[in-house]
Structure formats: structure tokens, C-alpha cells
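# Structure at a glance
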Amino acid sequence: MITSRPTVSRPRATAPILRRHLAEGARSLLGWSVALAAVLALYLPVYRSLQTPELADILDALPAQLVSVLGYDQIATGAGYAQATFFGLLGFVLAAIAATAWGAHLIAGAEESGRLELTLAHAVGRVQYAAQTAAALVLRVLGLSLVTVAVLLALNPVAELGLSTANVLAATASWAGLAVLCGTSALAVGALTGRSAWSLGAGATVAALGYALNAVSGMSTGLDWLAHLSPYYWAFGERPLSNGFDWGGLALLWGLSALLAAVACMALSRRDIGR
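Residues numbered from 1 in each chain as written. Predicted model: local features only at pLDDT ≥ 70, side-chain atom pairs only at ≥ 80, totals over all residues. Heavy atoms only, no water.

## What to know about helix H12 (residues 247-270)
The criterion, for reference: Helix numbering and strand numbering both begin at the N terminus, where a helix is a DSSP run of H or I of at least 4 residues and a strand a DSSP run of E of at least 2. Expected helix span is given by 1.5 Å per residue-to-residue step, counting one fewer step than there are residues. Buried residues are those whose accessible area, probed at 1.4 Å on protein chains only, stays under 20% of the maximum for their type, while exposed residues exceed 50% and partly exposed ones sit between those limits. Two residues form a contact once any of their heavy atoms are found within 4.5 Å.
The end-to-end C-alpha separation of H12 is 34 Å, in line with the 34 Å expected for 24 residues at 1.5 Å each. Of all the positions in H12, only Gly249, Leu250, Leu253, Ser257, Leu260, Ala261, Ala264, Cys265, Ala267 and Leu268 are classed as buried. Turning to H12, the residues buried within the fold contact helix H5 (78-113), helix H6 (115-120), helix H7 (126-159), helix H8 (165-193) and helix H10 (231-236).

Following this line, the structure appears as C-alpha cells:
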């Protein structure tokens, strides 16, 4: 007599989309982490050697507005130097590029390649996909943040920057929030349009416009109000590397990022995919 064996149902993996995105993005995360660590290792150790009268004379010869925009008016201190060379310039550029590329690839890029439609056909909800994709983006940026904090604290005594751990965490939180805002902008536009070009443009616009508004606001006292429209100013206007956490700026950066993630969920749930 043949008896049939009872069917054993396997439990579904928790957060499958999130796990897949993190696994597939591991190499990319490693590459960007190495790039950020290299920039920190290249620029921070030369801080002490730049504190010379000759450098002060060069800065005095430059237009005051340009020096202020670049943050070079603060490089006499370790916090000001790290802000001007890393958080406010190269570190900002690298993080914005990475987050924007991730945000554009995760929805719009997946749709253009046909992979998104295939994934949604396997009992994956659209809101589930968008929400876990946004979570993967945030976790990747937090991964970059951990690398940044670790390298910065390791180089802090070597470069004699005199940074406090609390202020390093504050500046990194603002920096990460700015990167996540660029990434979620790309994610939301990708969910709305399904086009990676538009998605990339959205993230790049947030980064470039934020920097430009902050720069223009410093060129004239009559344009000060423009700074308050700039995500770059929300992140660094209160100089968190010197003064600690700016809770108002963090609320704007992370709150708007959460709103954009919600827009991505709503847009993906209502739009025809692959058309």
C-alpha cells in the first residue's frame, strides 16, 4: 500500500527583496567604501603640514566669497578642515553619486531590464518591493557611514584633528541623510516613471541644486534665505563636526527621505510596469 507523504511547506524568507538587494550590492558597497576610505586617508593626514603662514597668505589673496563657499575659512581647525575637504566636498560627491546610482538601479533599472516585472510575478507585492528596496538603499548608505566613522576616528589622532566622537557621529549622520535624500529622490522618480535616466537626473539635481543654493546664498547678504531651501545647508549649515547634532537639519533630511520612499511605494503600486 502506497501512502502519500504530507506536504511540508517551507517558511518564506524574511524580507526577501531586502536580502537580495543587500547580497547583490555587496561588491558595489565594498568598492564605494574603499573609495571613501582612500579619500580620507589621502587628505586628512596632511592637515598639520598645511597649517603654515604661506597657506594663510594664499587664502587671503582669494575672493572672500569663494573661500567661504568652499569652507576654507575654517580649515585652521581640524573640524573645519575635515568638513571642507571630505564631508562638504569629495565625500559629499562620492556619497551622492553612489546613492543616486543605487536608487536609479533598484527600481527604474530593474524595470528597464525586465527583472522587476519578473520579480513581481512571483507573489511579491509592489509596496513590499518598494519598501524593502528603500530599506536596502538606506542600509547601504549606513554601511558607508560606518566605514567613514571608523576611518575618521582611526585617523583623528594621527592627523591631530582634535575631533570628538560625538561630533564625528553628528556630521556623519547629516552626511548620510543628504546621501539618502539623493538616493530616495532617484528611487521615487524611478517608481513614478520607470526610466533610469530620469531617476539619475532627479538624484543629481538634488545634489547639485542643494550645493548651488548654498553657494549662492553665501555670495550676498540679500540671498541668505536661499540657504534654507538647500539640503546641503540642512546637512552642514550648523557645522555639526564642530557643534554636534543639528536635529532640525536631520529631521528635514531624513523626514523628506521617508516621504520620498512613501511616494515610491505609492507610485509603484498604481502604475503599469514595463509600459
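Okay, back to it.
## Some thoughts on H8
The end-to-end C-alpha separation of H8 is 42 Å, in line with the 42 Å expected for 29 residues at 1.5 Å each. Most of H8 is tucked away: 22 of the 29 residues are buried. Backbone geometry just after H8 places Gly194 at a positive phi near 75°.

## Re a nonpolar patch on the surface
Using the following cut-off: Patches draw on residues past 30% relative accessible area with no salt bridge. Two like charges within 9 Å are joined, as are two nonpolar side chains (Val, Leu, Ile, Met, Phe, Trp, Tyr) within 5 Å. Accessibility throughout is a Shrake-Rupley quantity obtained with a 1.4 Å probe, and a residue counts as covered only by protein chains that appear here. The term salt bridge refers to a pairing of a side-chain nitrogen on Lys or Arg with a carboxyl oxygen on Asp or Glu at a separation within 4 Å.
A surface patch of nonpolar side chains, amounting to about 220 Å² of accessible area, comprises Leu22, Leu139 and Leu142. Residue placement: Leu139 occurs in helix H7. The class for Leu139 is partly exposed, based on a relative accessible area of 38%.

## Points about the packing of aromatic side chains
Quick note on the threshold: A pair of aromatic rings is counted whenever rings of Phe, Tyr or Trp (Trp by its six-membered ring) have centres within 6.5 Å, and the orientation is called stacked for planes under 30 degrees apart, edge-to-face for over 60 and tilted otherwise.
This structure, assessed with the given rule, holds 9 aromatic pairs. For the ring pair Phe92 and Tyr232, a centre distance of 5.2 Å and an interplane angle of 75° mean the geometry is edge-to-face. Taken together, the residues span a long stretch of sequence, with Phe92 in helix H5 and Tyr232 in helix H10 at a distance of 140 residues. With a relative accessible area of 8%, Phe92 lands in the buried category. By relative accessible area, Tyr232 is classed as buried at 8%. Their ring planes at 80° and their centres at 5.1 Å tell us that Tyr211 and Tyr232 sit as a pair that is edge-to-face. Note that Tyr211 is positioned in helix H9 (residues 196-217) and Tyr232 in helix H10, a separation of 21 residues in sequence. For Tyr211, a relative accessible area of 24% puts it in the partly exposed group. Grouping aromatic residues by their ring pairs yields a cluster made of Phe92, Tyr211, Tyr232 and Phe236.

## Quick notes on the pattern of salt bridges
Applying the stated criterion across every chain yields a total of 2 salt bridges. Glu24 is the partner of Arg20 in a salt bridge, and the nearest nitrogen-oxygen pair spans 4.0 Å. Taken together, the residues span about one helical turn, with Arg20 and Glu24 both in helix H1 (residues 16-24) at a distance of 4 residues. Exposure remark for Arg20: the relative accessible area of 24% places this residue in the partly exposed category. Residue class for Glu24 comes out partly exposed when judged on its relative accessible area of 43%. Put simply, Arg115 and Glu24 hold a salt bridge, and the shortest N to O gap is 2.3 Å. Taken together, the positions of Arg115 in helix H6 and Glu24 in helix H1 put the pair 91 residues apart, joining distant regions of the chain. On the accessibility criterion, Arg115 (37% relative accessible area) is partly exposed.

## A few points about the nonpolar core
Spelled out, the test is: Among buried residues, those of type Ala, Val, Leu, Ile, Met, Phe, Trp, Tyr and Cys that are joined through side-chain atoms within 4.5 Å constitute a nonpolar core.
With 64 residues, the main nonpolar core has Leu44 and Tyr129 as its most contacted residues. Listed by contribution, the elements that provide at least two residues to this core are helix H2 (26-43), H5, H6, H7, H8, H9, H10 and H12. Not counting residues up to four positions away in its chain, the partners in contact with Tyr129 are Ile17, Arg20, His21, Leu106, Ile107, Ala110, Leu116, Thr119, Leu120, Val124 and Leu268.

## What to know about the environment of Val147
The topology assignment puts Val147 in helix H7. Here the alpha-carbon distance between Val147 and Ser33, two residues 114 residues apart in the chain, equals 6.4 Å.

## Quick look at the confidence of the model for the protein
In low-pLDDT regions, the fine details of the predicted coordinates are not to be read closely. Put simply, the rule is: Every residue gets a pLDDT, meaning the predictor's confidence in that residue, from 0 to 100.
On average, residues of the protein carry a pLDDT of 87, and 85% of them reach 70 or more. Least confident of the elements in the protein is helix H3 (residues 53-61), whose mean pLDDT is 57; most confident is H8, at 96.

## Things to note about the side chain of Thr172
For the record, the criterion: Two N or O atoms form a polar contact when they lie within 3.5 Å of each other; inside protein one atom must be a possible hydrogen donor and the other a possible acceptor, and for residues adjacent in sequence the pair counts only when both atoms belong to side chains.
Inspection of the secondary structure puts Thr172 in helix H8. In terms of polar contacts, Thr172 uses its side chain to reach the backbone carbonyl oxygen of Val168, at 2.7 Å. If we ignore the near neighbours within four places in the chain, the residues touching Thr172 are Phe87, Ser145, Thr148 and Val149.

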